[in-house]
Every structure is written in structure tokens, then in C-alpha cells.
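# Close look at the chain arrangement
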Amino acid sequence: MLFNSFTFIGFFLVVLLLLVMEQLTTRRVAVRNALLLAASYVFYGWFNVGFLLILLYVTFVNYFTGYLLAKVKAPDRQQTTDHGQRTKLCLGIGVVLSLLPLLFYKYAAFVLTNVQLLLGGDPHTDWLQGLAMPIGISFFTFQALSYSIDVYRGKITERCSLPDFMLFVSFFPTVLSGPIEKARNLIPQLRAYNPLSANTFTEGAVTFIWGLFKKIVIADRLCAYVDWVYAGAEYQSGTTLALAAVFYSIQIYCDFSGYSDMAWGVAKALGFDVTRNFRFPYFATTIKEFWRRWHISLTSWFTEYVYFSLGGNRVRLKARWVFNISMVFILSGIWHGASWNFLLWGCLHAVYYLIEYACGLHRKEYQTPRLLKVPATLLVFILVTIAWIFFRIEDFATATHVVSRIVTDIASPVAVGASTFTFVCNMMLVAIFLVFDGMLYKHCLIREDHFAQPTLMNIVWVVALLLMLGLFSVSADNFVYFQF
């Protein structure tokens with residue numbers, strides 16, 4: 001049940017109707033949460049009922065880990081050195097047990113294949129590669145872990161009921177591809193009664209439409225061209241490959257930020273505030289700023305639960321800090337999938353970040369000079385796009401060929417693909433998207449925080465989006481980040 005499907009629209013309307021009826025009758029948190037929990041399990045189980053077992057397993061492991069940690073760390077319990085070791089052991093066991101399904105489904109085939117190749121044998125992992133990976137497992141596992149770790153660190157002191165925690169992990173707007181919510185942000189909202197309102201519904205609906213536009217008008221259209229070019233990369237000109245690389249940068253942004261906007265919009269329409277996962281990353285003037293704007297919930301998760309756990313920047317040796325920051329990027333790459341190209345993508349961003357640091361661009365007081373903002377933005381976009389090439393193309397030799405061809409053959413003719421008309425439409429729609437995105441970034445006429453206001457500009461903008469959805473949308477089976 002994808003957000004960009006009529007099935008989901010029907011599902012959401014049924015859920016909304018049930019919540020309206022609940023609000024008119026009981027107005028009780030427990031009843032509302034029970035409805036949302038049932039809806040969340042129906043939504044997730046729609047893909048594969050068997051996947052619910054993995055979701056429930058991760059949920060119960062982290063709930064009982066948090067329960068045991070809260071019990072051990074209770075104020076009336078005497079805190080000793082042995083006591084601290086037990087809490088660390090409890091957390092460690094909980095983390096390992098939580099990660100086992102993720103490690104098995106996502107990485108077992110990759111590890112076994114490379115071990116067998118290293119030992120000189122033939123890989124025999126077909127039985128593993130044929131297993132269907134539970135959709136969203138990377139997202140809901142990390143979301144559940146945030147609760148256990150925050151209880152251990154004392155950031156969550158109030159115990160959470162099992163039904164509320166089950167809803168926190170399975171909340172249907174975020175369970176498939178995030179945003180990865182921290183327990184201390186979402187659980188308090190689940191405990192409170194947030195009545196539905198016309199303003200929150202309107203703001204959520206407009207954001208959903210904007211995300212849907214990015215997904216099925218921009219991302220899915222560009223996907224067809226990018227797939228066509230990279231399928232025969234060795235036969236394409238450098239200019240064509242460069243255009244495909246730029247299109248892929250826009251495609252993956254519109255695909256994932258489109259999903260995130262739709263998830264945010266659905267949650268907002270139901271009265272909940274989840275993380276804004278993207279903040280115009282391609283307007284960044286440094287790599288550091290890019291990562292503050294791109295996949296914000298994942299970046300925040302790795303920063304808080306990996307980088308800080310390793311010591312962050314409060315370490316004596318500079319080499320240790322380099323290791324800490326590099327591990328964040330490397331793990332971010334590996335998180336996306338069990339493939340060497342994702343590891344290389346993470347390493348590239350680590351190198352970018354460290355070069356910026358060496359140039360002094362990391363200082364808090366540093367601001368990109370006004371005259372250099374456009375060149376700096378273009379440079380960051382080019383560096384990110386080069387990294388996306390290795391992210392998109394699994395074969396290293398093909399990826400290096402693409403980069404080499406772009407550098408040496410940039411003035412050659414562009415291949416338009418199967419249809420010149422489609423190519424021209426794509427270029428026109430990309431230009432329209434860039435104008436809209438720039439207007440939102442500059443708060444020019446349209447603003448994200450004013451979506452609920454029935455201004456003339458908002459009405460014209462939404463009507464324009466709906467017209468383009470009707471005229472230029474194409475369908476795709478999945479979102480890019482579903483595979484992660």
C-alpha cells in the first residue's frame with residue numbers, strides 16, 4: 001500500500017473517518033491509539049503479513065529492554081559500579097537482539113559471499129538472496145532502538161505502556177521509510193490527545209500534494225531516463241551521462257523527500273508532528289551544511305547514538321576524531337545496503353567532510369561570503385552528484401567509466417531517449433520544480449509554515465500542482481528508499 005496509490009487514499013479516508021467518529025464520541029487517548037495501532041498493523045501487513053512478525057519481534061525486544069533498564073535505574077535502587085555494568089550488559093543484549101533480523105536479511109548474503117570468495121570458493125548464497133527483506137526494517141529498527149538507548153542514558157524517565165510503544169514503532173506514516181522518530185519526540189504526542197482540526201488537515205494535505213508532485217511528476221519521470229542511460233552507459237556520450245547524473249541527483253531527492261513530505265503530511269493531518277526530513281539540501285554551500293539538510297532524522301540518529309558514543313569531538317587525539325567522523329559516514333553508507341558501492345559512497349562523503357575541515361570551513365563563525373554562495377552551492381552539488389554516481393551504479397568499473405567519460409567528453413551531443421517530446425516535458429517540469437523549490441527556500445510567495453492559510457497564492461499553487469499531477473504523472477511500483 002504505497003502513499004501514491006488510490007488504495008492508500010481509501011485506507012487513509014477510512015482511518016480519518018474512524019478518528020472523527022472517535023473524537024465526536026469518546027475523545028479518549030486509549031481509544032484513538034487503539035484505532036491507530038490497528039490501522040498501522042493493517043498498513044504494514046498489507047505488504048506481507050509475515051513481515052509483522054519481525055516488526056513485533058523488534059518492538060517487544062526494545063520494550064522489554066527499556067522496561068528492564070528503567071527498573072534497574074529506578075531512583076530507589078542503589079547505583080553501584082556493578083549496577084552500571086549490568087545496565088550496559090542489558091542494553092548491549094537488547095541492541096544485539098534488535099539488530100539480528102536487520103543483519104540477517106540485509107547483510108548475511110553479502111558477508112557470506114565475500115568470505116567464500118576470499119577463501120577461494122564459489123559463493124552459494126542463493127537461498128539467502130531469495131529471501132524477501134522486510135520493508136522498512138532499517139527504519140523501524142533504528143526508531144525502536146532510540147527508546148532503549150534513551151532510557152539507558154536517562155533521557156526518558158517515564159515508563160511507556162506497551163500499546164503506546166507498539167504504536168510508536170509501527171506508526172503507519174513513518175514505519176516504511178521514516179522519518180526515524182526519536183521516542184522522546186513521538187511518544188509524548190501519543191500520550192496526549194491532539195484533536196483533529198481543519199488547519200492541521202489542510203497543512204498536511206497541501207504538504208502531501210507537494211510530496212506527491214515531487215514523486216510521481218518529477219522523480220518517476222526522471223527515473224525512466226536515468227535507467228535508460230545507465231543501462232547502456234558504455235555507449236553514451238559524456239554529456240548524456242552528465243545529464244543522467246544530474247537527473248539522478250534530482251530524482252533521488254524528489255523520490256525520498258517526496259515520500260517524507262507525504263509521511264509528514266499524513267501525520268500532520270492526524271494531529272501529529274514528525275521530523276521534517278529534508279531542508280533544501282541542494283542549496284547548501286558546504287558538505288557539512290548538506291548533511292544538516294539531507295535525511296535529517298538519520299543524520300541525527302547517527303550523530304547522537306554513534307558519533308557521541310564514540311566520543312564525538314571530545315577526544316584528545318585528532319586521529320581519533322577523524323576515526324569517529326569517518327565511522328559515521330561509513331556506517332551511513334553501509335546502512336543503505338550490503339554492497340561495496342554504498343561503502344564507497346560513505347567514504348567519499350567522509351573525504352569531502354575532512355577536506356572541508358582541513359580548509360577551516362567547519363568553524364561555527366564561518367559563513368560563506370555572499371559573492372561565493374552560488375559557486376559554493378554549485379561545487380557542493382557537483383561533489384554530491386559525483387558521489388551519487390557510485391551510489392546508483394553498483395559496478396565500480398562502470399561508475400568510474402561514467403565519471404571518466406563525463407570529464408573527457410562533456411561537449412558531445414545529448415541523447416534524448418525514446419521520445420523528444422517526453423525529454424522536453426521532463427526538462428520543463430524540472431525547471432518548474434526548481435522554481436517552486438527555490439520559492440519555498442526563499443519564502444517567496446509560498447511558505448511551508450503558511451500552507452494552512454487560504455491565501456490566493458497558496459490556492460493557485462495547489463491548483464497548479466493538481467493540474468500537473470493530472471497531466472504529467474507517471475506511476476512507479478516503489479520508492480527508492482524502500483530497498484534500504
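Note: the structure precedes this text.
This text gives an overview of the structure that appears in the document. (Residues numbered from 1 in each chain as written. Predicted model: local features only at pLDDT ≥ 70, side-chain atom pairs only at ≥ 80, totals over all residues. Heavy atoms only, no water.)

## As for unusual backbone geometry
Omega for the bond connecting Gly178 with Pro179 falls within 30 degrees of zero, at 0°, which places this linkage in the cis form. With respect to the helices and strands, the residue Pro179 is situated in the loop between α7 (162-170) and α8 (183-191). The phi dihedral of Arg27 is positive, around 50°, even though this residue is not glycine. Relative to the helices and strands, Arg27 is located in the loop between α1 (6-25) and α2 (29-45). Positive phi outside glycine occurs at His295, with the angle close to 40°. Here His295 lies in the loop between α11 (287-293) and α12 (296-307). The buried category is assigned to His295, whose relative accessible area is 1%. (Helix = DSSP H or I, 4+ residues; strand = E, 2+ residues; numbered from the N terminus. Buried < 20%, exposed > 50% of the residue type's maximum accessible area, 1.4 Å probe, protein only.)

## Quick notes on α1
Along an α-helix, residues three or four apart share an orientation, since each turn contains 3.6 residues. End to end, α1 covers 29 Å across 20 residues, agreeing with the expected 28 Å (1.5 Å per residue, within 8%). Of the residues making up α1, those classed as buried are Phe8, Phe11, Phe12, Val15, Leu16, Leu19, Glu22 and Gln23. One side of α1 carries all its buried residues, which in axial view fall inside an arc of 135°. Facing away from the buried side of α1 by over 90 degrees, the exposed positions are Phe6, Leu17, Leu24 and Thr25. In this structure, the buried side of α1 is in contact with α2, α9 (198-231) and α10 (238-269). Looking one or two residues beyond α1, the residue adopting positive phi is Arg27, at roughly 50°. (Expected span 1.5 Å × (residues − 1). Arc of directions from axis to C-beta. Contact = heavy atoms within 4.5 Å.)

## Quick notes on the environment of Phe11
Here Phe11 is to be found in helix α1. Using a relative accessible area of 12% as the deciding quantity, one classes Phe11 as buried. Setting aside anything within four residues of it in sequence, one finds Phe11 in contact with Met1, Ala39, Val42, Phe43 and Phe172.

## Section: the nonpolar core
Judged by nonpolar contacts, the single largest core of 143 residues is most densely connected at Phe8, Phe172, Tyr230 and Trp461. Broken down by element, the residue count for this core peaks at 19 residues, all from α10. Once you skip the residues sitting within four places of it in the chain, Phe8 turns out to touch Met1, Leu2, Phe3, Phe43, Phe172, Phe208 and Val266. (Core = buried A, V, L, I, M, F, W, Y, C linked by side-chain atoms within 4.5 Å.)

## Quick look at a nonpolar patch on the surface
A surface patch of nonpolar side chains, amounting to about 520 Å² of accessible area, comprises Tyr57, Leu89, Ile93, Val96, Leu97 and Leu100. Counting residues per element, the nonpolar patch draws most heavily on helix α4 (residues 81-118), which supplies five residues. Along the chain, Leu89 turns up in helix α4. The exposed category is assigned to Leu89, whose relative accessible area is 53%. (Patch = residues over 30% accessible without salt bridge, like charges linked within 9 Å, V, L, I, M, F, W, Y side chains within 5 Å. Areas by Shrake-Rupley, 256 points an atom, 1.4 Å probe, with all protein chains shown as cover. Salt bridge = Lys/Arg side-chain N within 4 Å of Asp/Glu carboxyl O.)

## Quick word on helix α18 (residues 456-472)
Compared with an ideal rise of 1.5 Å per residue, which puts 17 residues at 24 Å, α18 spans 24 Å between its outermost C-alpha atoms and is within 8% of the ideal. Buried within α18 are the following residues: Asn458, Trp461, Val462, Leu465, Met468, Leu469 and Phe472. Here the buried residues of α18 occupy an arc of 125° about the axis, which is enough to place them on one side. More than 90 degrees from the buried face of α18, the exposed residues found are Leu456, Leu467, Gly470 and Leu471. Tucked into the core, α18 has its buried residues touching α9 and α17 (420-441).

## Some details on the packing of aromatic side chains
Summed over the entire model, instances satisfying the criterion amount to 65 aromatic pairs. For the ring pair Tyr147 and Phe165, a centre distance of 4.7 Å and an interplane angle of 50° mean the geometry is tilted. With a gap of 18 residues between them, Tyr147 in helix α6 (residues 137-153) and Phe165 in helix α7 connect regions that are remote in the sequence. Tyr147 gets classed as buried once you look at its relative accessible area, which sits at 4%. A relative accessible area of 0% means that Phe165 is categorised as buried. Plain terms: the ring middles of Trp210 and Phe436 are 6.3 Å apart, the flat faces sit at 65° to each other, and that makes the pair edge-to-face. Residue Trp210 is located in helix α9, and its partner Phe436 is located in helix α17; the two are separated by 226 residues in the primary sequence. Directly above the ring of Trp335 sits Lys106, whose terminal nitrogen or CZ lies 5.1 Å from the centroid. Over the aromatic face of Trp264 sits the side chain of Arg276, whose NZ or CZ is 3.8 Å from the ring centroid. (Phe/Tyr/Trp six-rings, centres within 6.5 Å; stacked < 30°, edge-to-face > 60°. Lys NZ or Arg CZ within 6 Å of the ring centre and 35° of its normal.)

## Thoughts on the side chain of Thr59
Within the secondary structure layout, Thr59 lies in helix α3 (residues 51-72). Residue classification places Thr59 among the buried residues on the basis of a relative accessible area of 0%.

## Quick notes on the packing of α9 against α18
Put simply, α9 and α18 touch, their axes get as near as 10 Å, and they point 35° apart. Taken as a pair, α9 and α18 cross one another with a handedness that is left-handed. Every residue of α18 that contacts α9 at Val206, Ile209, Trp210, Leu212, Phe213, Ile216, Val217 and Arg221 is listed here: Trp461, Val462, Leu465, Leu466, Met468, Leu469 and Phe472. (Axes fitted to C-alpha atoms, helices over the stretch in contact; angles between N-to-C directions. Left-handed = near helix turned anticlockwise from the far one by under 90°.)

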